[in-house]
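Observations on the three-dimensional arrangement
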Amino acid sequence: MLFNCTLQFIILFCSGLLIVLQPEPASAGRQAEETQLKAAYIYNFGKYVTWPMITATDPLDICLLGPDPLADPLQKLEEKKIGDREITFYLLDSTSIKTDCEMLFISRSQQEQLAGTLAQLEDNAVLTISDIQGFAGKGGMIELVRKENKIRFVINIDSVQRAGLVISSRLLRLATILSGDRQP
Amino acid sequence: MSISKKTFVLTAFLWSQFFLPVHAAPIPPDADALSDTLIDLDLESLMDVEVYAASKKTQRLSDISSAVFVINQDMIRRSGLTEIPEILRLAPGVQVSRINGNAWSVSIRGGSGRYGDKLLVMIDGRSIYTLLFAGVYWEDQDLVLADIDRIEVIRGPGAAIWGANAVNGVINIITKAASETQGLHVNVSTGTMNSGLAGMRYGGTISENAHYRVSLKYRQQVTFDRPDGGENHDGLQVGHGSFRTDWEPNSRDSFSLQGAMFDGTVEENMVEFFPVPPYAGRVQEDDDSRGWDVVGSWSRQVSAGNQIDLKLYYDDAHRDSFFYSSDLDTFDLALQQQFVIGRRQNVIYGFRYRYTGTEIEGKTNFLVAHESRSDYLYSFFLQDEIALLEKELFLTLGSKFEYQSFTGFEVQPTLRLLWNVNQTNSLWTAVSRAVRTPSIGEQEMALEYGYMPVDGNPDQLVGFWILGNSDLDSETLIAYEAGFRSELTSALSVDLALFYNQYDDVRGFELLTPAPVLEPVPHLRTGMQMANNVSGHGYGFELSADWKPVKTLRFRANYSNIQIETDEAAGAPDFLDQEFAGKAPTSLYTLSMDWAPRSDMDLGMYLYGSSRLNYSADPVPDYIRFDLRLAWRPVTGVELSLVGRNLFDSEHTEYPSTDALLNSDIPQSIYAGLTLDF
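An account of the accompanying structure is given in this report. (Residues numbered from 1 in each chain as written. Chains lettered and ligands numbered in written order. Predicted model: local features only at pLDDT ≥ 70, side-chain atom pairs only at ≥ 80, totals over all residues. Heavy atoms only, no water.)

Bringing the overall build of chain A into the picture now. The number of helices and strands found in chain A is 6 helices and 11 strands. Across the 184 residues that make up chain A, the buried fraction comes to 49%. Counting only contacts in chain A whose residues sit at least 6 apart along the sequence, the fraction spanning at least 24 positions is 58%. Of the accessible surface of chain A, which amounts to about 8,600 Å², a share of 55% is contributed by carbon and sulfur atoms. (Helix = DSSP H or I, 4+ residues; strand = E, 2+ residues; numbered from the N terminus. Buried < 20%, exposed > 50% of the residue type's maximum accessible area, 1.4 Å probe, protein only. Contact = heavy atoms within 4.5 Å. Areas by Shrake-Rupley, 256 points an atom, 1.4 Å probe, with all protein chains shown as cover.)

Following this line, the structure appears as structure tokens:
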């Protein structure tokens, strides 16, 4: 009886093994701290966005507006490069918005001044990113959303185009696309 | 001879470079190797990475050099298991024995029983370990399973942080934040074991930073059969309701308010003893078990690596059973702070105050010394994790200091060392002390356990009693542990833990000197009184492996082995050795396969095995249980599932009849379920 059970189980196991499907990405089943993961996303966005009038060797400025636990992992990005572009990190407070950042992450602490901040950035080629809820719907460009323990992102394509930025189709394919100022 | 100022400054600078960290940029204490590799992942892979809650950091400190296993929501769902104690089978080294339909014994590294008294269990930081009988009423814990984020199972003592009763292990059941349980979730199933099971949850948004959910569950379980045939009386009906609201007004603060209530009818099959003929008779009772709790917490991120947590809860538990009727009110307040000193030290400390008010009244064959009592606990803990070599070698020193009304002052220290050999291999070792304080029942109770006339003469009656002891001391454990974790490849990881536990002053019994008494009728009283007269040791290992060869297929295997021996049971009968050493099987194992043959289908195969349980009065043969789950999602948000439990076997027993409970055969069962998520 016992032998029989074990045998049946082994057969079931082996038949499962025979079915080899796509190779495993190294990331599956991994866990990471939220801020680290968000920083990794921001770094990746940098690879798939083209800024107007910027050459492939100019440094890339990543800015953080407001106090946020993302400061440390973003600071660490200075050790990396995107292509040949060096990364520089700036921590800004609400009184000193830098409009020549390539990427600007707006902290949740800036939620109340969000409309003003976005207005100030209008017509500048700054990729705005935030995890403020409804960010993309309010005219922001990329909103990081937590869904079922994973991070997803929403892109407001109109805001991106208005700023003269070009986003690669690879990034768009993975995003939830929002057109106009509607909520998804 | 004089040194120029320039040379001095330069020398000082060079020396300081030697001692000070090389990089000037501040690196948070948890920026481990993982984050470096995260950056190098492409977007598609990032989308597969799961986030763990920031709150986990507080536990991570203690977890880092101990034997931890996490059962996540995905594992719970795929297993097809429907009760929390059953789900604990998924973790290595956890002995889950279903005694009968509504009673479980859950234990780690020995100490099993209806009241697994050496295991501390918490739901969102609220202890569900009852001080009344030192254990958990598992049948009362019936959450909507989809609300659970994860269950952290820590093997080995956790007393340096969690205090008394975290002796052989700690189980933390952690529910999801309200923001992660938005929308409507409905789960209904019916089958041969749980004739009706319905769970429902609705989660909504109050404002952008505030969310709530309300959950309801009802479960009705049928009566099982006794091993010798005939029905037991061990069915269960339990209803459970809960709510949770989370509010994050800014990026630094988060507040949470949650509460739950339950009401259950727990069937019991008992023997009542009379001092008059026929002296004993079977009684089938329906216990009423109900309670409610409310938990509030506030967490503030002061700065990176500096966090303060405040939690308070109130818990009211009522049980009207065959033996007694009880009501316990618990108020608990805990404050803790975690901060970093420089780059090498991570400190965590905390205070706790707990009040427990107990009303207990003996009903059948059961007397208590005090019908009402108050118990207090004041405690402080301090733990420092020191990076002896940055990111590589960590020393953790910590201790709990607590004063409680059961046994007075207790110190429970731990010393832990972790060595990250490289990015994929780590070794750890620890030595710790933990105590188990006597329960209210053990201090208060007197149980009539049989009457017998001498030579058939009803006027010469001998009564057998089991008496508690108000002078009971704490049981102590000194645990020596070591472990090894390795990611052999990105798809295969293994975890090995070894332990040697030395127990002293374990609660056993002393024989009573026979004495004539007048209550409840004149008789000669014999029997036993509780005493701290057992010492013993347990040693063994737990091994687990996780292999995910391809994205759609995952195997897990656990094996654990334990030897438990009594050192001495001076002046006590043989059965004390059996109570201490005879209720844990030598081997436990689990093998599982989760396979997604198509993106809309899941197939899970689970094998749970246990070697023979050598309890001499009622040995339990080895058993293997095989569960199969098939699920299909015809459209998004709808899942149909079919689950068979114990498919290779018509029935088996998992635990002897002890603790005044009659065991049952655990039957083969099937159920069909429907889950909707909108």
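Now, onward.
On to helix 4 (residues 114-121) of chain A, then. Given 3.6 residues per helical turn, the α-helix brings residues three or four places apart onto the same face. Residue and element names in this part refer to chain A. If you check which residues of helix 4 are buried, you get L114, T117, L118 and L121. Projected down its long axis, helix 4 carries its buried residues within an arc of 95 degrees, all on one side. The inward-facing, buried residues of helix 4 abut strand 3 (60-65), strand 6 (103-106) and strand 7 (127-130). Two residues or fewer after helix 4 comes D123, characterised by a positive phi angle close to 70 degrees. (Arc of directions from axis to C-beta.)

Moving on, we get to the nonpolar core. Side chains of nonpolar character tend, in soluble globular proteins, to be buried together. Counting 43 residues, the largest nonpolar core has A:Y41, A:F45, A:L127 and A:F153 as the members making the most contacts within it. Tallying contributions element by element places helix 2 (residues 34-47) of chain A first for this core, with 7 residues. For A:F45, the contacting residues outside a window of four places in its chain are A:M103, A:L127, A:I129, A:I142, A:L144, A:F153, A:L171 and B:L43. Ranked by size, the runner-up nonpolar core spans 37 residues in total, among them B:M270, B:V283, B:F323 and B:V368. (Core = buried A, V, L, I, M, F, W, Y, C linked by side-chain atoms within 4.5 Å.)

A word on the side chain of B:T358. Here B:T358 shows up in strand 17 (residues 345-362). Leaving out residues up to four positions away in the same chain, B:T358 has contacts with B:L132, B:D327, B:L328, B:E371, B:S372, B:R373, B:D375 and B:I440.

Residues and elements named next belong to chain B. In space, the 5 strands of this open sheet follow the order 2-7-8-5-6, with mixed pairing throughout. Each of the sheet's edge strands pairs with one partner strand only, and the pair in question is strand 2 (67-72) and strand 6 (126-127). As paired strands, strand 2 and strand 7 (residues 148-155) are joined by 6 bridges and run antiparallel to one another. Bridge pairing in strand 7 links V68 to I154. (Pairing = 2+ DSSP bridges.)

This part covers the packing of aromatic side chains. Residues and elements named next belong to chain B. Tallied over the entire structure, the rule returns 30 aromatic pairs over all chains. Taking 6.1 Å as the distance between ring centres and 10 degrees as the angle between the ring planes, the aromatic pair formed by F255 and W298 counts as stacked. Taken together, the residues span a long stretch of sequence, with F255 in strand 13 (residues 253-273) and W298 in strand 14 (residues 280-303) at a distance of 43 residues. The partly exposed category is assigned to F255, whose relative accessible area is 32%. Between Y349 and F351, the ring centres sit 6.2 Å apart and the planes meet at 85 degrees, which makes this aromatic pair edge-to-face. Relative accessible area serves as the criterion here: at 22%, Y349 is assigned to the partly exposed category. A relative accessible area of 43% means that F351 is categorised as partly exposed. An aromatic cluster of at least three residues, connected via ring pairs, comprises Y115, F133, Y137, F322, F323, Y324 and F366. (Phe/Tyr/Trp six-rings, centres within 6.5 Å; stacked < 30°, edge-to-face > 60°.)

Once that is clear, we can look at unusual backbone geometry. All names here are of chain B. At the junction of P277 and P278, the peptide bond is cis and its omega measures out at 5 degrees in the coordinates. Tracing the backbone through its elements, the reader meets P278 in the loop between strand 13 and strand 14. One non-glycine residue, Y279, lies in positive phi territory at about 75 degrees. Structurally, Y279 can be placed in the loop between strand 13 and strand 14. Despite not being glycine, D455 shows a phi value in the positive range, around 50 degrees. Mapping D455 onto the fold places it in the loop between strand 23 (445-454) and strand 24 (457-467).

Shape descriptors only; they carry no functional weight alone.
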